[in-house]
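Below, each chain spelled out in residue letters.
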Amino acid sequence: MVDYHAANQSYQYGPSSGSNGAGGGGSMGDYMAQEDDWDRDLLLDPAWEKQQRKTFTAWCNSHLRKAGTQIENIDEDFRDGLKLMLLLEVISGERLPKPERGKMRVHKINNVNKALDFIASKGVKLVSIGAEEIVDGNAKMTLGMIWTIILRFAIQDISVEETSAKEGLLLWCQRKTAPYKNVNVQNFHISWKDGLAFNALIHRHRPELIEYDKLRKDDPVTNLNNAFEVAEKYLDIPKMLDAEDIVNTARPDEKAIMTYVSSFYHAFSGAQKAETAANRICKVLAVNQENEHLMEDYERLASDLLEWIRRTIPWLEDRVPQKTIQEMQQKLEDFRDYRRVHKPPKVQEKCQLEINFNTLQTKLRLSNRPAFMPSEGKMVSDINNGWQHLEQAEKGYEEWLLNEIRRLERLDHLAEKFRQKASIHEAWTDGKEAMLKHRDYETATLSDIKALIRKHEAFESDLAAHQDRVEQIAAIAQELNELDYYDSHNVNTRCQKICDQWDALGSLTHSRREALEKTEKQLETIDQLHLEYAKRAAPFNNWMESAMEDLQDMFIVHTIEEIEGLISAHDQFKSTLPDADREREAILAIHKEAQRIAESNHIKLSGSNPYTTVTPQIINSKWEKVQQLVPKRDHALLEEQSKQQSNEHLRRQFASQANIVGPWIQTKMEEIGRISIEMNGTLEDQLSHLKQYERSIVDYKPNLDLLEQQHQLIQEALIFDNKHTNYTMEHIRVGWEQLLTTIARTINEVENQILTRDAKGISQEQMQEFRASFNHFDKKQTGSMDSDDFRALLISTGYSLGDAEFNRIMSVVDPNHSGLVTFQAFIDFMSRETTDTDTADQVIASFKVLAGDKNFITAEELRRELPPDQAEYCIARMAPYQGPDAVPGALDYKSFSTALYGESDL
């Protein structure tokens, strides 16, 4: 609605809307033409002019208040044409052209002319009424114009027994007041002076408001005031007349009386229609309230489940690895807690949600309502897709956890191996650089030089023997980097230091050899025995060090075959110890022979062997250490062998139970499929049988719990595979959930069939006949059929189908366009055609009656015509009315009514 109120504002209008008010037409009849040529000289009578001013002002305000405004002075407030155009828009329901901006006289005249043109377009003759007279505040012309508007929009359309306008209104008054004494309505002036006619009209329609028997004909002022006050208070008819003016005037103004009486006609003529409309609306709203409650429950449950899935999937998709195996094991424990505690209730919620959805759809079909379409993203298929995504994420998360634990175990083992080898190598290289840089050959004797040469040759041999260890250290560091070890930086730093030191040792070794070879020609004496000792002692010492490393090396196995392989390798190592002991004795014999020769030849040795630092004491000490490590290795391998044997027992124990539970679940699924197709006996018998079958399935749950306990033991033992069974715990869980969902869905289908049978009055024999016909054409025995099989079924029941008719039926039985027709949809179709239900158009027509033929309705009108709870229900759900004739508080009943039947959103 355009704001016409503020004189100092710019007037902005939207585009004009089509007519939906009191229509026009070019011909109004002889009566209207005569009334247009009214006697303006009568306005010279001040009493009549006063009555018309009072009445016409009140009548105008009764309409202008719908637009949130009013007038005070009828010949002044219409001068600029703004409120006059607004009045015409309110009473006609149509848009007038935009009013002109500005306050000049020409703008006012143009606005009034637009109003007069609109009145003329409705077939009204405006005799001697011009825009200039209205703008100049001519009272006679202004009142004449308002009376013309009242005739056209309030009186012309009154029709009673083939009479219309004034005669129709008079006949209506005579009919309504005929039973009352002292009332004889013959005209619209003196017949109303005593006030009894007004009270009789009110009493005829609302007897509880007037005590008619107590009224006295000789007290007209009291009678008139009583009628005016009651009409204003209870009938929403503004006071348009003054009792004293009517009583004190010999002949009250006919136009004022007609204007006021027409308000009674419009107030009472729709009373019966309003009651009928209210009853229809109450019936429709009661059904819709119940369905909306079910829809809200579904939306709430679906939102909660989808929100849980939305929160859970990111947690399951979190693949941020931890640095230690303890942290990853805690993640694994959290995942097991999720499987045991958090997920099972959500499985039950998902099943219950599907059952509620099917029940709601059945009730909507029985009440001729469209199928319930959940909010976007909350369809049953959306929930199933979300659930499938959850289970995929769950499976991927578990696999990632187990793989990550294996990786961390491998990393810990490699890191410890790196540290051991690096420590041994660093201990060996300690002091080597200083030794290679020592220039002792410059002051040494010939024998010393030759000894230094031999010693250097022994060192080179030792250096070459350590090359493998350096390469192993670098390879382990590389593998740690590839496996993303968290302390790779320190590993790389240490490895680089070792490699740099190794390169330096090689360079220094080469430099020292060149220096010694310069003096080699001067050196002749050499102790072959010491040299031989050094050459044999160094590799043997290196072998012992490697053996000690291997005997202390950590191992990780997952099967009995792996541990038996380690035991076999260890036994093979032990078989080489006698040969090693003989080599040790031979090396010690060389040392003893050197001592014997020196003593026998009185040679004074300088002390230790000049060619090596490996003394017999070192060899004996390391050999004793190897002898101590061998039984410890035996004990560790036997313990691991016992552990793997225990793991094998757990595998066999789980496989034995899983190979029983898995086939049992598959068998039950097949039996349920047969039961849902055969359905022998009455529906109640079938329901009872299915519930007994459901209890037998639930009673089998302890077997699944036992399997869960066994699976828990396997998980705690970190067993990752089982060759004794093809069933995993995940397969068993999914099968169990599908079994529970299938039996619950089958029970729900039978319950819905009972609900349909009872609601539609279908006999047991008819239901069995429907089932037999459906099963006959259900070629695949799946409980549903495609469109071709369904067409054959309909033809067998007597339907003569064209493509258009068949497509219409398919849209009813398959509203989601899945391409399949269920037995429940078939039953609904066979029983739907006989049901008599309300339509959206009927509800809209009922609301229009309550609204007094307006395109909108107010909260006050709803509370007046409907029961309190029904009225508040409508008010809470109706959107604000946005039409061109909207007033403050206007509500849109059309979109609300269509939404009740699914034709648009609430």
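Residues numbered from 1 in each chain as written. Predicted model: local features only at pLDDT ≥ 70, side-chain atom pairs only at ≥ 80, totals over all residues. Heavy atoms only, no water.

Trainee: Is there a simple way to explain the overall build of the protein chain in this structure?
Mentor: Helix and strand content of the protein chain: 33 helices and six strands. Here the analysis covers contacts within the protein chain between residues at least 6 apart in sequence; of these, 75% occur between residues at least 24 apart. Carbon together with sulfur atoms contributes 49% to the accessible area of the protein chain, which is approximately 44,900 Å² in total. (Helix = DSSP H or I, 4+ residues; strand = E, 2+ residues; numbered from the N terminus. Contact = heavy atoms within 4.5 Å. Areas by Shrake-Rupley, 256 points an atom, 1.4 Å probe, with all protein chains shown as cover.)

Trainee: Even after reading the chapter, I still don't get the nonpolar core, so can you show me in this structure?
Mentor: The tendency in soluble globular proteins is for nonpolar side chains to be buried as a group. In terms of nonpolar packing, the biggest core is built from 81 residues, with I149, W192, F198 and F264 touching the most fellow members. Among the elements that take part in this core, helix α6 (residues 139-155) stands out by supplying 11 residues, more than any other. Residues in contact with W192, not counting those within four places in the same chain, are C173, V185, N187, A197, F198, L201, L224, I246, I257 and V261. Of all hydrophobic cores here, the second largest spans 46 residues; its members include L687, L704, F770 and M810. (Core = buried A, V, L, I, M, F, W, Y, C linked by side-chain atoms within 4.5 Å. Buried < 20%, exposed > 50% of the residue type's maximum accessible area, 1.4 Å probe, protein only.)

Trainee: Where do I start with the UniProt feature "coiled-coil region" (unreviewed entry) in the protein chain in this structure?
Mentor: UniProt records the feature "coiled-coil region" (unreviewed entry) for residues 449-483 in the present numbering. Helix makes up 94% of residues 449-483 and strand 0%, and the two end C-alpha atoms of the span are 50 Å apart. (UniProt positions renumbered as here; feature names shortened; annotations may be inferred.)

Trainee: How should the packing of aromatic side chains be read in this particular structure?
Mentor: Each aromatic ring pair is summarised here by two numbers: the centre-to-centre distance and the angle between the ring planes. For the structure on display, the rule yields 26 aromatic pairs. A ring pair is formed by F228 and Y260, whose centres lie 5.3 Å apart and whose planes are at 85°; its orientation type is edge-to-face. Of this pair, F228 sits in helix α9 (residues 220-234) while Y260 sits in helix α11 (residues 254-269), and the two are 32 residues apart along the sequence. Of the two residues, F228 and Y260, both sit in the buried class. Members of the aromatic cluster, joined through ring pairs, are F188, W192, F198, F228, Y260, F264 and F268. Above the face of the W428 ring, K432 is positioned so that its terminal group lies 4.8 Å from the ring centre. Cation over ring: R791 sits above F806, and NZ or CZ is 4.1 Å from the ring centre. (Phe/Tyr/Trp six-rings, centres within 6.5 Å; stacked < 30°, edge-to-face > 60°. Lys NZ or Arg CZ within 6 Å of the ring centre and 35° of its normal.)

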